[in-house]
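Take a look at the letters that make up each chain.
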Amino acid sequence: MKKPYRLESHLCRSCRFFALGDPAIPSELLTAAATAPDLSKFAYPLPSKKSDYTCYAIQGGVVWYGAKTGLTRFDPAAKREEDIIMYFSADRDLRDNNVKALLAKDNGIWALTDTGATFITMKLMSAEEKAYVLLQETLDHVERRGMVSQRELKVAHDFSSKFNYSHSDNDGGFSAACAMGEIFRYETLKREKGADHPDTLCAKALATKIVEACLLLMYIHGRGDGFVARSYGVTGEPLPDDGFFLQRKGNKATVAETSASKQFGYAGVEVDCSVPIPERLSKLYKELGYTDDDVYYKADTSSDEITLHLLMMYFAHKYLTWDDPELEALIKDATSSMVTHIIDHNYELHDFTGKSTTWAKWNLEYFNTDLGYVDACLNSAELLSYHLVAMEITGEEGKFRESYNHLINDLGYADLVEKHFDRLYQFCLATESSMPNEIMFGDHMLATSSLWLLCILEKDEKLLAKYRKGYKSWRTSIADEHNPGYDIPYILSCPDEEIDLDRLATWFYRTNTSRLAAGTSLKGRHDVAPKTMDGGYKRTSYLLPPDERYISKYDRDPLEYKNEDSGGAFMIESCYVYTFAYWLGRLNGLFE
């Protein structure tokens, strides 16, 4: 693998949306004649049928073609092949896909559709500039008390209409991923500009705040037993009806009434919460005028959050706490308590119920169930990585080493790590299904996190060989994504392997400059054939650039084919999808 790869500045799409009747829409657009282009001799495949194109506009050497099924940009001089033809569609780029008129004006292109207009500009932007644009959007519209996951909008595309509260089932996991991006940024800038440079200090302050928000979830329940909350809210924020929530008051927390708590008979149950929350962490809400009694937290935490929290705390310990002993002590305590809890509870995370949460089980009893048979390979890697992280962060072995050796020597967990592909294949044979149908794409991030930790922390060469073999078994599906958030940890863990840096460059170039969670409609798109899987599930026949995919998140299928309208733009998501990968690559010298 050649390195570093030079990421050049690249044209990135930026879209502004206008409802019909908005005075900002140029009158020339409303009166523009729609002349169908002559595409009879056009040499490239087009996203829409040639007969669907109804109008066009010329902007310098670029031609924009409007169709009944979206907008096409044609740049014959583009340096990269994938940039010659670009497709724009609803809801991410257009209000709807019936383009009726086009107007080149103000260094951009105006597109008139049935329900409004879009003004599109192509801005030349470096990969670093894009990282800061995405970060600023997250700080302006997503971040709340250090938590960074998502924020809903009242009006599609209108960021000013965002709700003043938010909630995500994966608040902790998404925030941990965002924290890692900022930790990597801090360490990169510290090396390049110095520890006291204003940019470095800014990165450090933000990384610290998000890490503190994640740590708060490990203390906010007041149980003192290593449990971790999924999320939390405060007085004035509506209580979601999607799980178990506990309202603190004094030394007790009461299970709130939700559909789930009433269904299982837990509504009104009281739980101890007498262990004080560290002041360093409670300041995140107390500085805003809230007290401990204003807090409610979400339970039923999954292995997803535990895995990402421990990965984040490893990097915070490695890069962030060198001059912050208080934060280091909190991380050590939280790590030790969390992993001790899992060991002491038969390798499960136990909830207020006294039983395991739904998706945080790492023991053989679970592995021997039908559902756990395939999960065993990932969950064994997760559990082993937790032990190594605990030993690394605390500097102590004792119970962690004893349990780790028991898992390997007596229970065969290191052998399970190697068997992911085999067990998934056997499951598909038994259920007569195809492998893409059975892949949980969210597991790609979890496999990357746990196997990365195993490969960088394990010193025993025989075990390291097993872990690397297990990591490579996941590449049968992960490699198809060409996602730097997966490929960079892989090459850092398995340096004898190769990754396609040019494909990763395409990912960086073509990732949107906004994390508006709108999909793109493939309805009527002519150049992407669907591949129908079992049960009618459809995937695209090839991997589209990120700004043309229906899905642009880590935990979804990037080849998902939606032959329907995309469904709206009422959510902004975290910048971590980009910043985690970009700053990790910079930090490790893969990109410049």
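Throughout what follows, the structure given in this document is the object of discussion. (Residues numbered from 1 in each chain as written. Predicted model: local features only at pLDDT ≥ 70, side-chain atom pairs only at ≥ 80, totals over all residues. Heavy atoms only, no water.)

The next subject is the environment of Ala 581. Tracing the sequence through the fold places Ala 581 in helix α19 (residues 576-587). Once the C-alpha coordinates of Ala 581 and Asp 106 are considered, the two residues, 475 residues apart in sequence, prove to be 34 Å apart. Excluding anything up to four places from it in sequence, Ala 581 contacts Pro 484, Gly 485, Ile 488, Trp 507, Phe 508, Tyr 554 and Tyr 576. (Helix = DSSP H or I, 4+ residues; strand = E, 2+ residues; numbered from the N terminus. Contact = heavy atoms within 4.5 Å.)

What follows covers the sheet that holds strand β11 (residues 245-249). Taken together, 5 strands build an open sheet; the order of strands is β10-β14-β11-β12-β13 and the sheet is antiparallel. Two strands bound the open sheet, and with one partner strand each, they are β10 (231-234) and β13 (270-272). The average angle at which neighbouring strand axes cross in this sheet is 30°, direction not considered. Here strand β12 (residues 252-255) runs beside β13; their pairing, made up of 3 bridges, is antiparallel. Bridge assignment links Thr 254 to a residue of β13, and that residue is Glu 270. (Pairing = 2+ DSSP bridges. Axes fitted to C-alpha atoms, helices over the stretch in contact; angles between N-to-C directions.)

Across the interface, helix α7 (residues 303-320) lies against helix α10 (residues 370-394) with an axial gap of 10 Å and an inter-helix angle of 30°. Classed by the angle they form, the pair α7 and α10 counts as roughly parallel. In the crossing of α7 with α10, the sense of the turn from one axis to the other is left-handed. The residues of α10 that touch α7, namely those facing Ser 303, Ile 306, Thr 307, Leu 310, Met 313, Tyr 314 and His 317, are Glu 382, Tyr 386, Val 389, Glu 392 and Ile 393. When its residues are assigned to classes, the contact of α7 with α10 shows 7 nonpolar, 3 polar and 2 charged. (Parallel < 35°, antiparallel > 145°, perpendicular 65-115°, else oblique. Left-handed = near helix turned anticlockwise from the far one by under 90°. Nonpolar A, V, L, I, M, F, W, Y, C, P; charged D, E, K, R; others polar.)

Per the counting criterion, the structure on display carries 38 aromatic pairs. Taking 5.1 Å as the distance between ring centres and 45° as the angle between the ring planes, the aromatic pair formed by Phe 315 and Trp 452 counts as tilted. Remark: Trp 452 occurs in helix α15 (residues 442-457) and Phe 315 occurs in helix α7; sequence separation between them is 137 residues. A residue is classified by how much of its surface remains accessible, and Trp 452, at 2% relative accessible area, is buried. Plain terms: the ring middles of Trp 507 and Tyr 578 are 6.0 Å apart, the flat faces sit at 15° to each other, and that makes the pair stacked. (Phe/Tyr/Trp six-rings, centres within 6.5 Å; stacked < 30°, edge-to-face > 60°. Buried < 20%, exposed > 50% of the residue type's maximum accessible area, 1.4 Å probe, protein only.)

Before going further, it helps to spend a moment on the side chain of Thr 448. By secondary structure assignment, the location of Thr 448 is in helix α15. Within the local environment of Thr 448, its side chain forms a polar contact with the backbone oxygen of His 444, the two atoms lying 2.8 Å apart. (Polar contact = N/O pair within 3.5 Å; in protein donor to acceptor, adjacent residues only side chain to side chain.)

Under the counting rule described, the total for this entry stands at 44 salt bridges. Between Glu 212 and Lys 283 there is a salt bridge, and its shortest N-O distance comes to 3.7 Å. Residue Glu 212 is found in helix α4 (residues 198-219), and its partner Lys 283 is found in helix α6 (residues 279-286); the two are separated by 71 residues along the sequence. Across the salt bridge formed by Asp 527 and Arg 525, the nearest N and O atoms sit 2.7 Å from each other. By sharing partners, the salt bridges in this structure join Arg 13, Asp 83, Asp 93, Arg 510, Arg 525, Asp 527, Asp 547 and Glu 548 into a single network. (Salt bridge = Lys/Arg side-chain N within 4 Å of Asp/Glu carboxyl O.)

Below, the discussion takes up the pairing of strand β14 (residues 295-298). Residues of β14 alternate between two faces, with Val 295 and Tyr 297 on one and Tyr 296 and Lys 298 on the opposite face, all of them buried. Both β10 and β14 contribute to a ladder of 4 bridges, which runs antiparallel. Bridge assignment links Tyr 232 to a residue of β14, and that residue is Tyr 297. Across 3 bridges, the pairing between β11 and β14 is antiparallel. Within β14, the position partnered with Gln 247 by the bridge is Tyr 296.

In this section: the packing of helix α3 (residues 171-193) against α19. The description of two helices packed together rests on the angle between their axes and the distance between the axes. The interhelical angle for the contact between α3 and α19, taken along N-to-C directions, is 30°, at an axis separation of 8 Å. As α3 runs across α19, the sense of the crossing is left-handed. On the side of α3, the interface is formed by Phe 174, Ala 177, Cys 178, Met 180, Gly 181, Phe 184, Arg 185, Glu 187, Thr 188, Leu 189, Arg 191 and Glu 192, while α19 contributes Tyr 576, Thr 579, Phe 580, Trp 583, Leu 584, Arg 586 and Leu 587. Taken together, the residues of the contact of α3 with α19 break down into 11 nonpolar, 3 polar and 5 charged.

A word on the nonpolar core. In terms of nonpolar packing, the biggest core is built from 142 residues, with Phe 184, Val 211, Leu 215, Tyr 232, Met 313 and Tyr 467 touching the most fellow members. With 12 residues, α4 is the largest single contributor of residues to this core. For Leu 215, the residues in contact, after removing those within four places along its chain, are Leu 281, Met 313, Leu 327, Leu 330, Ile 331 and Ala 334. Counting 14 residues, the second largest nonpolar core, distinct from the first, contains Ala 57, Val 62, Leu 102 and Ile 109. (Core = buried A, V, L, I, M, F, W, Y, C linked by side-chain atoms within 4.5 Å.)

The terminal C-alpha atoms of α4, which comprises 22 residues, lie 31 Å apart, in line with the 32 Å expected from a rise of 1.5 Å per residue. In terms of residue burial, α4 counts as a mostly covered element, since 16 of its 22 residues are buried. (Expected span 1.5 Å × (residues − 1).)

To continue, consider the sheet that holds strand β1 (residues 10-19). To summarise the sheet geometry, strands pair through backbone hydrogen bonds and adopt either a parallel or an antiparallel arrangement. Spatial strand order, β1-β8-β7-β6: 4 strands in an open sheet with antiparallel pairing. With partners counted over all chains shown, the strands left at the sheet margins are β1 and β6 (99-105), one partner each. Taking each pair of neighbouring strands and ignoring which way they run, the sheet shows an average axis angle of 20°. For β1 and strand β8 (residues 116-125), the ladder comprises 10 bridges, and the chain directions are antiparallel. Pairing of His 10 across the sheet is with Met 125, part of β8. The strands touched by helix α2 (residues 127-141) within the sheet are β1 and β8, with β8 carrying the most contacts at an inclination of about 135°.

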